[in-house]
Amino acid sequence: MKLASLAVLCVVTSLAGAQWEPFLNITPSGPGVHLVTYLDGNQFDGWDLAIDLRVNGVQQSLPEQFSVQVSPRTSGQVIRTLFVGAYNGFPTSQPNDWVAVGIAGVARVDRAERDSGNGYLILNLDSVGQIGAPSQLASITSHAVGLLKTSLNAGNGNAYVDVRTLPFPGFEARIEGIEIAGALFGSIVSHRQIERISVGGTVGGPGSHATIRSQTHEIGSIDCAGNIHAHIETGNAGVGPGDYRIRRVRSTNGSFFGSLVADDFWGWFPSPTGGGVRGLYLEAPGARLEADVFLKSYAGTPPTGPAPELRLREIPAGRSLRFRQSLYTPVTILGPNLKGQIVVNAVNFGFSWSAPVTVDGVTLAPMPNYSNLSAGLGGGAVGVVPFNLHKQDCSPPDGGMVGWPGAYSVTVRHYGPVVIENSASDVTPMTVEWFNPNSQQWEDISGDFAYARSATNPRDVIVTSLIPNLDFDGAVTYRIRPRTTGANRLLCDPGVLAVSHAVPVAPYTYTIIGQEP
């Protein structure tokens, strides 16, 4: 059911009159065009309009859809409050009857909501100059929203809104379209899906992030010309029964600040046509993913049509793109701008990395323990939980030489951020051994070293000799292994995981050779 498809149209046209008007009772008897004359308010104080719409004054043989369209005779009109009572005279025998009430062409609407009744109500605001104000969000509540549209011709085109749809038996409490010519502020919460949001300016602002959430279903497209400051969510943190997908988030000339939680980018809405249909797109010069993105990774059969893609200009340091399960969506970073972290299998349940990740035109390989150095990527990394050793990116690399002249520490680098479980413990988080050429055995010298996570790179553990003139020298081999059991383990940083229990890093052996003076 498309909400804009109306079988019967009732039009309310304003003339001239008082600021406050009583209830307007409308009882259409059947299909046809119904014209109702109404009064003007004024552009300074605004007008309050109450409509009481009754469907099926006489029982009909077919489902009926009624629309009331409110439009002013003169420009500059302001609607302070629109209350709508929607009634279905025969809800049992004709439950599919619904009504729509629309406001078009006014300068501003401050409030529009369902007031009473047992009928299914759809609200539409079409080409309104401004919705709400910075000092007071406009309350827009209904069983469904067909269209919220602002126009620069009628005002600044901004929307300051608190939009909510209410569940109704047998109908979808959805939002079909939001088209904002200017900037969008506030919150948009739909009980069911949100099909599309298009914003000509910015979404939210620094310190005033917008909320966009589908409580029990998916979100279609969110397209914005400028920066997106928003917390976007499908379902309850993307987890629960049902379909919690999102189809597309895109800014053509800005960055994304805030957060995104959803199943994945295999959403249905809008229809799959054209390029860049599904995915996350922040491709403009200077655009940054300043939002933490968490994808639950939908396990079901994806819809038909173009596959999703993530095309990003930059993931800054300190930001993460997390996949709770598998990474099966290609990720492209435009330039050496992978400065933050991509995490795969954040739930630590054996999921894999199977789609290519390309940085500055180079695809990381082999997956998952690729050999590309982080310095060539921008400083960041892609890591599958539990995080393994990045052998080539350690200092020195695995199998390299350390010691004289004066280098008595090594950097053990992983594919993801790590933490030391208990820095105050007498048990070291790593085991250091050297191969005694006399006994031909490995001997534990872990107590000769200090261990600390790097202050500049959370993927690094710095292992420093406490006896510089004794350890990490001589033509002998040393090996370092993480503790994954016991009192003081080396753990994957819980801040990037999707589990509440501690997860040790993957077992590995880092080998280095002491250098003779």
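Residues numbered from 1 in each chain as written. Predicted model: local features only at pLDDT ≥ 70, side-chain atom pairs only at ≥ 80, totals over all residues. Heavy atoms only, no water.

**Here we look at the overall build of the protein**
When helices and strands are counted, the protein shows 0 helices and 41 strands. Sorting the 517 residues of the protein into buried and exposed places 54% on the buried side. Restricting the contact set of the protein to residue pairs at least 6 apart, pairs at least 24 apart contribute 66%. Working note: accessible area of the protein is about 20300 Å², and carbon and sulfur atoms make up 53% of it. (Helix = DSSP H or I, 4+ residues; strand = E, 2+ residues; numbered from the N terminus. Buried < 20%, exposed > 50% of the residue type's maximum accessible area, 1.4 Å probe, protein only. Contact = heavy atoms within 4.5 Å. Areas by Shrake-Rupley, 256 points an atom, 1.4 Å probe, with all protein chains shown as cover.)

**Digging into a nonpolar patch on the surface**
Taken together, the side chains of Leu466, Ile467 and Leu470 make up a nonpolar region of the molecular surface, amounting to roughly 280 Å² of accessible area. You can see Leu466 is positioned in the loop between strand S38 (460-465) and strand S39 (477-482). (Patch = residues over 30% accessible without salt bridge, like charges linked within 9 Å, V, L, I, M, F, W, Y side chains within 5 Å. Salt bridge = Lys/Arg side-chain N within 4 Å of Asp/Glu carboxyl O.)

**Some details on the sheet that holds strand S37 (residues 449-453)**
With antiparallel pairing, 3 strands are arranged side by side in an open sheet as S33-S38-S37. The open sheet has two free edges, formed respectively by strand S33 (409-413) and S37, since each of these has just one partner strand. Averaged over neighbouring strand pairs, the angle between their axes works out to 20 degrees when direction is ignored. Direction of pairing for S33 relative to S38: antiparallel, over a ladder of 5 bridges. Among the inter-strand pairings, Val412 is bridged to a residue of S38, identified as Val461. (Pairing = 2+ DSSP bridges. Axes fitted to C-alpha atoms, helices over the stretch in contact; angles between N-to-C directions.)

**Digging into the sheet that holds strand S35 (residues 430-436)**
With mixed pairing, the 5 strands of this open sheet are ordered in space as S32-S41-S39-S35-S36. Every other strand in the sheet has two partners, leaving strand S32 (401-403) and strand S36 (441-444) as the edge strands with one partner each. Ignoring which end each strand starts from, the neighbouring axes of this sheet average 35 degrees apart. Pairing geometry for S35 and S39, over 5 bridges, is antiparallel. Its bridge partner being in S39, Glu433 is matched across the sheet by Arg479.

**Quick word on the packing of aromatic side chains**
Under the counting rule described, the total for this entry stands at 10 aromatic pairs. Ring geometry for Trp353 versus Tyr370: centroids 6.0 Å apart, planes at 80 degrees, classification edge-to-face. Placement of the pair is Trp353 in the loop between strand S28 (341-344) and strand S29 (357-359) and Tyr370 in the loop between strand S30 (362-363) and strand S31 (381-384), with a sequence separation of 17 residues. One aromatic cluster is present, built from ring pairs that chain together Tyr120, Phe168 and Phe171. Directly above the ring of Phe294 sits Arg322, whose terminal nitrogen or CZ lies 4.4 Å from the centroid. Above the plane of the ring of Trp442 lies Arg479, whose end atom (NZ or CZ) is 4.1 Å from the centre. (Phe/Tyr/Trp six-rings, centres within 6.5 Å; stacked < 30°, edge-to-face > 60°. Lys NZ or Arg CZ within 6 Å of the ring centre and 35° of its normal.)

**Structural notes on the pairing of strand S18 (residues 210-214)**
By the alternation rule, side chains of S18 split into Ala210, Ile212 and Ser214, which are all buried, and Thr211 and Arg213, of which none is buried. Judged from the 4 bridges that link them, strand S16 (residues 184-190) and S18 form a sheet pairing that is parallel. When the sheet's bridge partners are listed, Val189 is paired in S18 with Arg213. The sheet contact formed by S18 and strand S20 (residues 228-234) spans 5 bridges and is parallel.

**Observations concerning the environment of Val163**
Within the secondary structure, Val163 sits in strand S14 (residues 159-165). Along the chain, Val163 and Ser139 lie 24 residues apart, while their C-alpha atoms are 6.2 Å from each other. Residues in contact with Val163, not counting those within four places in the same chain, are Ile140, Val145, Leu148, Ile175, Ser187, Ile188 and Val189.

**Quick look at the pairing of S37**
Looking at chain direction, S37 and S38 are connected through 5 bridges and run antiparallel. Each residue of the ladder has a partner; that of Tyr451, found in S38, is Val463. The loop that links S37 with its antiparallel partner S38 comprises 6 residues.

**Comments concerning the environment of Arg114**
By the secondary structure assignment, Arg114 is in strand S9 (residues 111-116). Sequence separation of Arg114 and Leu82 is 32 residues, and the distance between their C-alpha atoms is 8.5 Å. Setting aside anything within four residues of it in sequence, one finds Arg114 in contact with Val84, Gly119, Leu121, Thr141, Ser142, His143 and Leu166.

**Some points on the pattern of salt bridges**
Under the definition given, this model contains 24 salt bridges. If you follow the salt bridges from partner to partner, you end up with Glu172, Arg174, Arg192 and Glu195 in one network.

**Things to note about the nonpolar core**
Counting residues in each nonpolar core, the largest one holds 80 residues, and the members touching the most others are Leu82, Ile232 and Leu280. Contact partners of Leu280, with chain neighbours within four places excluded, come to Val249, Phe256, Phe265, Leu289, Val293, Glu309, Leu310, Arg311 and Leu312. Of all hydrophobic cores here, the second largest spans 34 residues; its members include Phe387, Cys394, Val412 and Val496. (Core = buried A, V, L, I, M, F, W, Y, C linked by side-chain atoms within 4.5 Å.)

**Regarding the confidence of the model for the protein**
Overall, the prediction assigns the protein a mean pLDDT of 86, with 86% of residues at 70 or greater. Within the model, pLDDT remains below 50 along residues 31-35, and this stretch shows 14 contacts once partners closer than five positions in the same chain are excluded. (pLDDT = per-residue confidence, 0-100.)

**Quick look at unusual backbone geometry**
Cis peptide bonds are those with omega within 30 degrees of zero, and the linkage from Ala365 to Pro366 qualifies with -10 degrees. Its place among the elements puts Pro366 in the loop between S30 and S31. A cis amide bond, omega 0 degrees, links Val385 with the succeeding residue Pro386. Of note, Ser127 is a non-glycine position whose phi angle comes to about 55 degrees, a positive value. Tracing the chain through its elements places Ser127 in strand S10 (residues 120-128).

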